[in-house]
Amino acid sequence: MPTTSAELLGRRGAVAGDSSLRGRAACRALSDATDEWLASVLRDATDDHTDGLALVAAGGYGRAELAPGSDLDVWLLHDGRPDVGEVAQRVWYPIWDAGLKLGHAVHVPREALALAAKDLDTATAALSARHIAGDPAVSEGFAARAQAQWQKRDAAWLADLDRRVVARHQAAGEVAFLLEPDIKEGRGGLRDVHALAWAGFARPVLAAGDEDALIAAEDVLLDVRVALHRFTRKPTDELLLEQQSDVARALGLADPDALMARVSAAARTVAWVSDEAWTRVRGTLDGPIRRMFRRDKPLADGVVLRDGAVCVESDVDISGDPLLVLRVGVQAAREGATIDRSSLDRLAERAPRLGTPWPTGAKDALVTLLACGSPAIPVLEALDQRGLVERVLPEWSTVRSKPQRNALHRFTVDRHLCEAAANAAGLASTVSRPDLLLVGTWLHDIGKGEPGDHTAAGMALVEQIATRMGFPPDDVDTLVFLVREHLLLPDTATRRDLSDETVAEGVARAVGTLERLELLAALTEADALATGPSAWGAWKAELLGELVERVAAVLRGDDPAQAVQRQGFPDAGVRALMEAGRAVVRADPPLIVVVGPDRPGTFSRVAGTLALKGLTVLGAEAASDNGMAASRFRVEASDHDVDWEQVMADLRSALDGHLAIEARMAERRVGYRRMMRRQLLAGEPTVRLDNSASGIATVVEVRAPDRLGVLYRITRAMADIDLDIRTAKVATLGDEVVDSFYVVTSAGTKVLDRSHQREVERAILHQLSL
């Protein structure tokens, strides 16, 4: 058995790296090994004369929850021993020399308690204070006194803790839904479990069954945290993309999706229990007088609002009312209230499935719930925590907590569907059939829980679901259409030249009617808003609006060119510059216009310069005549102020051949690689040529991981093989770019020759490999 401090430190390191120990067991074993080591350190520091000194573990170490990278919170309590300062230094330095991060303090017990009486962090750390080594008489009863002191100021501490929880959630985001969650500080993370434990020292805050649910969820998060610390050898709690495969492997899971599904499910449980508990805590902080005057508010047959929660009366026959789950959900969403926990548990025990077909009124109740918008989301989450959404829709189980491993999406599939439906509720007034919009939006990605193509799977599922709900055949066809074509409008708007009449005509053929067009447009906006900031913005809204107007004109039998009052390119002013042979670079943010001699590489030089200036190209148009060329670029500066004069100066230098774009790009790319973790989610680059999408040009569509200068690379390749770019549509979808170019050969024709097409593909893929 190891006996010296050095040997005990080595044992601690062995325990930290022991992959046979996982999660809570690993934390406990590491805490025990640390106790033994620090006890030896204290003996060495005092020559085994520890009278009047006690080494105490606090915080997470006090709870015996040490992960391999955790800080050590250690206090040296004393009874006034004069050499305590010297002893403290002899204790702290071996910890620092071991490379461990130390939170330390030296106090007599009454000083520590005085500090804990006014500082929240000290107060919560003291709640789990635990004797490690030394004189037990010094630390005896310290934790109990800290807990008693906490209880005396319970209302003040709970209010402070509540505010701290809310602020932390806003800063760290949601563990259940983020692509790279902070499993400790995020909403639904380990810190929420700790906060509930601290609140529990003041007064009971958990409902029946919550403690077991929290323990199970915490076990999952501790498993992940320990594996993450071991793999990274760092005290990190942010589960990054490139780490997820290794952490999944360490935990014996099939793949990163299985890992993130477990993390999501655990975090959702923690977040839900936490939200419910803090809602109850806030109710207790209202004071006895306000609580005294609360009265039941009848909401519907057998359903009342009581103490801020929607309750099912005890005499209601739950098993005999298949609509009760939806009716309770509707009332909770309308009131912005939670569902009473005992009522929720009784619903989980007794509520029947809706069956096939749905009973009369069920479809209308679901539509009414979805129409409540954002307030319906926490209600659906509460129902889902007890498996009640699956009583309504059995297919929900396949998408529950299912991760979407791309940077475009910020939510799991099920939460995305609920968020999209809430957005659709805000757009219901724009369509003639709000019921179809709400249900279609809620179900548009339901196929993502099935193997294979999610759109095809979703169409088959929605046909069955909609029929079961009681929609007539024509409405079922419309709902299936919404699933089939839910990406038609955004893909077309961002990848095709909308001034080409064949584009609007093709979409009109796919859509068929004005009613379906308005439904599809509203679903597209609701879906994009729920997806994330990369999927929706002013520019994409403008493109979508233009496309919808043009398609609507075709469906009405009007001229689509007359439906949109948009000035074409080149306009009269630019054409005059071209006719005069004048070279001009002009910025009118967000537009940049470049006019100059028609020569290969102009587009790529502009794209490269803009990339070096931190500007994103959203779209571009080009024209040439009589040896002159003109281009117009729409750009976006995402996170910094732009010196437009310098941008113009650099563009002029680049067009004159005086800017070393390639060299500058290489210098920038060294630092840029550090920001490109999300390329893990993008596949290999692909190039596709389409001669049927336009009557005058070949459409080249390129999909590739986003990186510095990707547009420069693509357009440089096109210049190298003498392709003229007439129009470009540039879209960044999270970790991936999807760029479309309308190109012609130097002779002004489409790229028709098969060998030429292969060379175009080869040139672009080569540039993207550099």
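Just so it is clear, the structure is predicted and the values come from calculations on it, not from any experiment.

A. Structural context of the pattern of salt bridges. One pass over the full model with this rule turns up 51 salt bridges. Between R81 and D83 there is a salt bridge, with its nearest N and O atoms 2.6 Å apart. Judged by its relative accessible area of 24%, D83 falls in the partly exposed class. Of the charged contacts, one joins K448 and D445 as a salt bridge, the two residues approaching to 3.4 Å between their closest N and O atoms. Under the relative-accessibility criterion, D445 is labelled buried at 2%. Within the structure, one salt-bridge network assembled from shared partners comprises D491, R495, R496, R688, D690 and E701.

B. Representation of unusual backbone geometry. The peptide bond linking T356 to P357 adopts the cis configuration, its omega dihedral lying at -5°. With respect to the secondary-structure elements, P357 resides in the loop between α16 (341–350) and α17 (362–371). Cis geometry is adopted by the peptide bond preceding P590, which originates at P589 and carries an omega value of 10°. Mapped onto the fold, P590 is located in the loop between β9 (584–588) and β10 (591–597). A positive phi angle is found at D48, which is not glycine, with a value near 65°.

C. The packing of aromatic side chains, seen in detail. This structure, assessed with the given rule, holds six aromatic pairs. Taken together, a centroid distance of 6.1 Å and an interplanar angle of 85° make the contact between W75 and F142 edge-to-face. Pair noted here: W75 is in strand β2 (residues 72–78) and F142 is in helix α8 (residues 142–152), with a separation of 67 residues, a long-range link. Across this residue pair, the class does not change: W75 and F142 are buried. An angle of 80° between the planes, with centres 5.6 Å apart, marks the rings of F177 and F411 as edge-to-face. Placement of F177 in the loop between α9 (154–172) and α10 (190–202) and of F411 in the loop between α19 (389–392) and α20 (413–426) is noted, with a sequence separation of 234 residues between them. Overall, the relative accessible area of 12% leaves F411 in the buried class. A cation over a ring is seen here: K363 above F471, with NZ or CZ 4.8 Å from the ring centre. Taking NZ or CZ as reference, R516 lies 4.8 Å from the ring centre of F481, over its face.

D. Region of interest: the side chain of E485. Tracing the backbone through its elements, the reader meets E485 in the loop between α23 (473–484) and α24 (488–495). A relative accessible area of 15% places E485 in the buried class. Contact partners of E485, with chain neighbours within four places excluded, come to A510 and L520.

E. Inspection of the confidence of the model for the chain at higher detail. Confidence in the prediction of the chain, expressed as mean pLDDT, is 93, and 96% of residues score 70 or more. Throughout residues 671–676 the model reports pLDDT below 50, and contacts reaching past four residues in sequence, or to other chains, amount to five contacts.

F. Seen up close, the packing of α20 against helix α26 (residues 514–531). Direction vectors running N to C along α20 and α26 enclose 130°, while the axes themselves pass 8 Å from each other. With respect to α26, the element α20 is oriented oblique. In the packing of α20 onto α26, the handedness of the crossing is right-handed. Judged by residue contacts, H416, E419, A420, N423 and A424 of α20 engage A526, D527, L529, A530 and T531 from α26. Taken together, the residues that form the contact of α20 with α26 break down as five nonpolar, three polar and two charged.

G. Summary view of the environment of A620. Within the element layout of this structure, A620 appears in strand β11 (residues 616–625). When the C-alpha atoms of A620 and V193 are compared, they prove to be 51 Å apart, with 427 residues separating the residues in sequence. Residues contacting A620, with those up to four places away along its chain left out, are F603, R632, F633, T727 and A728.

H. Summary view of the sheet that holds strand β13 (residues 686–690). The antiparallel open sheet is built from eight strands, whose spatial order is β9-β10-β12-β11-β15-β16-β14-β13. If you trace the sheet from one side to the other, it starts and ends with β9 and β13, each paired once. Each adjacent strand pair in this sheet contributes to an overall mean axis angle of 15°, direction not counted. Against the sheet, helix α27 (residues 538–556) engages β11, β12 (628–636) and β15 (723–733), with an angle of about 120° to β15. Strands in contact with helix α30 (residues 602–612) are β10, β11, β12 and β15; relative to β12, the strand with the most contacts, it is inclined by about 25°.

Thresholds, definitions, all that
Residues numbered from 1 in each chain as written. Predicted model: local features only at pLDDT ≥ 70, side-chain atom pairs only at ≥ 80, totals over all residues. Heavy atoms only, no water. Salt bridge = Lys/Arg side-chain N within 4 Å of Asp/Glu carboxyl O. Buried < 20%, exposed > 50% of the residue type's maximum accessible area, 1.4 Å probe, protein only. Helix = DSSP H or I, 4+ residues; strand = E, 2+ residues; numbered from the N terminus. Phe/Tyr/Trp six-rings, centres within 6.5 Å; stacked < 30°, edge-to-face > 60°. Lys NZ or Arg CZ within 6 Å of the ring centre and 35° of its normal. Contact = heavy atoms within 4.5 Å. pLDDT = per-residue confidence, 0-100. Axes fitted to C-alpha atoms, helices over the stretch in contact; angles between N-to-C directions. Parallel < 35°, antiparallel > 145°, perpendicular 65-115°, else oblique. Left-handed = near helix turned anticlockwise from the far one by under 90°. Nonpolar A, V, L, I, M, F, W, Y, C, P; charged D, E, K, R; others polar. Pairing = 2+ DSSP bridges.

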